[in-house]
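# Understanding the architecture of this molecule
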Amino acid sequence: MARYSHSIVEYYPENEGHKCGYCKGLDTNFNHGMWAHSLTVQDYQSLIDRGWRRSGCYCYKPTMDQTCCPLYTIRCEALDYRISKSQKKILKRMTKFLKNELLNNSAEKGEDQQDNIDINNEELLTYEKHLAKAEKHASEMNVMSVDDELSERLSVSPVEAKSQASKNLASVSWNNRKQPTNSESKNSLHVRNEIINAVPRKKAKLLRLERKQNKLLAQGKSQSEIESIIREKKQQKQQNNVKTLEELFDEVYNGLKRLELRLVRTAPMSSEYLKTSKESYEVYKKYQTTIHGMSVERATEQQYTRFLVKSPVQQWIPDGGPPQGYGSFHEQYWLDNELIAVGVIDILPSCVSSVYFFYDPAYNQLSLGTFSSLREVYLTRQLNKIVSDLKYYYMGFYIHTCPKMRYKARMQPSKLLCPETYVWCDIEPCLIKLDKEKYSRLNEDIDAIDENGVVDIREALILYQHIAMPYKKYKAQRTSARCRITQQEKREVEEYASLVGMPCARKMLLYRYSSFSDT
């Protein structure tokens, strides 16, 4: 039979409350969960567009109307990104640091220094809880046969081929360690352009302003007319001087210090990652023990690998796709050949999805959390020049009840995912609603429904005894074996299908145990 890539998941129906990493409530955090043994990039894209998120191989979806701190999926419209003044300061601070002009005590403390992290350490406990069960069932996850009617449904749709001209429009420098040529410097990850701080002195500005006012007075203009003309000129000048994100990154100067970014694949683990795995773990250990107060005993290399290296997201390298394909990656930040930070990301058909970010606390003054967010927006924009459908930057969850997580709302323009209808809503009106109620439907169309949540359980796909089959055949097979499906199991499958949505339920394989003793 033809070989297909399958998503295989194991759903956990229990919905017990556990400790919240944000408000510290002991049993107030509620999530739906499932273990992903394998995920195609298409299926994972669909899942995060329904409020799911992965922590290693464990996928969870907050029970929004019950949990103490509702987590709203947030995405930034990367192609229209507008950088703020405070974010520009962070890029300038990095430039000064690379030029040895930043003093150790010159860091500006504030919300912009927060990390782009919303997977808290409590999720690690949930991950470890289900790990043993998932490993026990791993041997049953190979698909030996697929019903003929399912073959087309389970095959991965190829990305539309792009022209060679589009491919060459702006290729991303993934692992370039050479000095760029003049023609390459604009798009290189290792930009070496000098920043020229041509700030006029205040006295000179005032003299020019006075000359302009006197000239307009001589023309017979009134004072109000003069103020209006000067205001319009100032606004026009500001608009003309607005720099793109690409231009700002071009100004990140690394003359005396060298900043290099390397994108290395982690699923499967590439040779590039394996060569640097020890360095990555050491940075992670410093970060967790210093920033999050995790004990050294808990921050083991095994725990790090399970949490941030292993991924169920399958590698996919189609024609016309990103240079290194889709899947899970680490973006490593090297300073003078020393690893100082790592961004854990998934590159999916429509987006770059931020999973986690950790850094060496010795560089805390650089606001690396925000710097990495800007860098990942930049990466998204570069990839869009190759793959037009890839145009969003997913920042994980926005948590309005947690002040430290509100910085994500400043990544503009952004949208929040409605937890009931799964449509994207502009963030500004959403914030007004969330100021009043911590849980909100967000979608203002009162007649809108979750169309993909209308369940036809017969079409949900099941993996049972190494065979992929629709639920209706699974039910018939169990009945013929005199092992009828209980109402509890039926409700469990229906709940799963409504949470992942029928498009996913029709493609992903839901593992069912060979015997009830395995549950």
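Here, every reference points to the structure presented above.
Remember, predicted model here, so these are calculated numbers, not experimental data.

### Quick notes on the overall build of the chain
When helices and strands are counted, the chain shows 15 helices and 16 strands. In the chain, which comprises 519 residues, the share counted as buried stands at 53%.

### Notes on the pattern of salt bridges
Under the definition given, this model contains 19 salt bridges. Of the charged contacts in the structure, one is a salt bridge between E260 and R262, with a shortest N-O distance of 3.4 Å. We note a salt bridge from R512 to E492, for which the minimum N-O separation is 3.1 Å. Taken as a pair, R512 in the segment after β16 (509-511) and E492 in helix α14 (residues 487-500) lie far apart in primary sequence, 20 residues in all. Taken as a pair, R512 and E492 share a single burial class, namely buried.

### Quick word on the environment of S354
The topology assignment puts S354 in strand β10 (residues 351-359). Using a relative accessible area of 1% as the deciding quantity, one classes S354 as buried. Between the C-alpha atoms of S354 and V344, which are ten residues apart in sequence, the distance is 6.4 Å.

### Comments concerning the packing of helix α9 (residues 271-291) against helix α10 (residues 301-309)
Here α9 crosses α10 at 100°, and the two axes come no closer than 10 Å. When the axis of α9 is compared with that of α10, the two are roughly perpendicular. Here Y273, S277, K278, S280, Y281, Y284 and Q288 of α9 come into contact with α10, specifically with E301, Q303, Y304, F307, L308 and V309. Grouping the amino acids of the contact of α9 with α10 by side-chain chemistry returns seven nonpolar, four polar and two charged.

### Quick word on unusual backbone geometry
Note the cis peptide between A267 and P268, where omega equals -5°. Locating P268 in the fold gives a position in the loop between β7 (259-265) and α9. The omega angle of the peptide bond from Q412 to P413 is -5°, so this bond is cis rather than trans. Positionally, P413 belongs in the loop between β11 (392-398) and β12 (414-417).

### Considerations on the packing of helix α2 (residues 85-98) against helix α11 (residues 368-384)
Running from N to C, α2 and α11 point in directions that differ by 105°, and their axes come no closer than 10 Å. Classified by the interaxial angle, the pair formed by α2 and α11 is roughly perpendicular. Residues Q87, I90, L91 and M94 of α2 lie in contact with α11, whose contacting residues are L368, T370, F371 and L374. Looking at the contact of α2 with α11 residue by residue, the classes come out as six nonpolar, two polar and no charged.

### Re the nonpolar core
Core analysis: the largest hydrophobic core is formed by 109 residues, its most contacted members being M34, F358 and Y496. Lining this core are residues from two domains, each supplying at least three of them: domain 1 (8-103 + 114-154 + 246-448) and domain 2 (457-511). Apart from the residues within four sequence positions on either side, Y496 is in contact with V9, Y11, M34, A505, M508 and L510. Counting 16 residues, the second-largest nonpolar core is a separate cluster that includes Y12, C57, A134 and M405.

### What about helix α12 (residues 427-436)?
Residues separated by three or four positions in an α-helix point in the same direction, a consequence of the helix having 3.6 residues per turn. Considered for burial, the residues of α12 that qualify are I427, C430 and L434. Taken down its axis, α12 places every buried residue within 55° of arc, on the same side. Exposed residues pointing more than 90 degrees away from the buried face of α12 are listed as I432, D435 and K436. Residues of α12 that are buried make contact with β5 (72-77), β11, β12 and β13 (424-426).

### So, the packing of aromatic side chains
By the definition in use, this model includes 19 aromatic pairs. Ring centres of Y284 and F358 lie 5.6 Å apart, and the angle between their planes is 85°; on these two criteria the pair is classed as edge-to-face. Taken together, the residues Y284 in helix α9 and F358 in strand β10 connect sequence positions 74 residues apart. For the residue pair Y284 and F358, the accessibility class agrees, reading buried in each case. Taken together, a centroid distance of 5.4 Å and an interplanar angle of 90° make the contact between Y511 and Y513 edge-to-face. Counting every residue linked through ring pairs, the aromatic cluster contains Y287, F307, Y333, Y356, F357, Y359 and F371. Cation over ring: R262 sits above W334, and NZ or CZ is 4.2 Å from the ring centre.

### Looking at the sheet that holds β11
Taken together, the eight strands give an open sheet; going across it, the order is β7-β8-β9-β10-β11-β5-β12-β13, and neighbouring strands pair in mixed fashion. Every interior strand has two partners, whereas the edge strands, β7 and β13, have only one. Geometrically, the sheet is characterised by an average inter-axis angle of 35° between neighbouring strands, direction not taken into account. For strand β8 (residues 327-335) and strand β9 (residues 338-347), the ladder comprises nine bridges, and the chain directions are antiparallel. Among the inter-strand pairings, Y333 is bridged to a residue of β9, identified as A341.

Conventions adopted
Within every chain, residues take consecutive numbers counted from 1 along the sequence as written. Predicted model: local features are reported for residues with pLDDT of at least 70 only, side-chain atom pairs are reported and counted for 80 or more only, and whole-chain, interface and lining totals are derived from all residues. As a convention, hydrogens and water are excluded, and side-chain values are obtained from all of the structure's heavy atoms. The secondary structure listing takes helices from DSSP runs of H or I that are at least 4 residues long and strands from runs of E that are at least 2 residues long, numbered from the N terminus. For every residue, the accessible area obtained with a 1.4 Å probe (protein chains only) is divided by the maximum for its type, and the residue is called buried under 20%, exposed over 50%, and partly exposed between those limits. The salt bridge criterion pairs a side-chain nitrogen of Lys or Arg with a carboxyl oxygen of Asp or Glu, the two atoms within 4 Å. For every element, the axis is a line fit to its C-alpha atoms; helices are fit only across the contacting stretch, and the angle between N-to-C directions ranges from 0 to 180 degrees. Angles below 35 degrees are treated as roughly parallel, those above 145 as roughly antiparallel, those between 65 and 115 as roughly perpendicular, and all remaining angles as oblique. Here a residue-residue contact requires only that any non-hydrogen atoms of the pair lie within 4.5 Å. Gly counts as polar in this scheme, as do all residues outside two lists: the nonpolar Ala, Val, Leu, Ile, Met, Phe, Trp, Tyr, Cys and Pro, and the charged Asp, Glu, Lys and Arg. Buried Ala, Val, Leu, Ile, Met, Phe, Trp, Tyr and Cys residues that are joined via side-chain atoms within 4.5 Å together make up what is termed a nonpolar core. Segmentation of the chain into domains, including their bounds, is taken from an automatic or database domain assignment. Here, the arc refers to the directions that run from the helix axis to the C-beta atoms. Here a Phe, Tyr or Trp ring, Trp counted by its six-membered ring, pairs with any other such ring whose centre lies within 6.5 Å, and the pair is stacked when the planes are under 30 degrees apart, edge-to-face when over 60, and tilted otherwise. Only when the NZ of Lys or the CZ of Arg is both within 6 Å of the ring centre and within 35 degrees of the ring normal is a charge said to sit over the ring. One requirement defines pairing of two strands: DSSP has to find at least two bridges between them.

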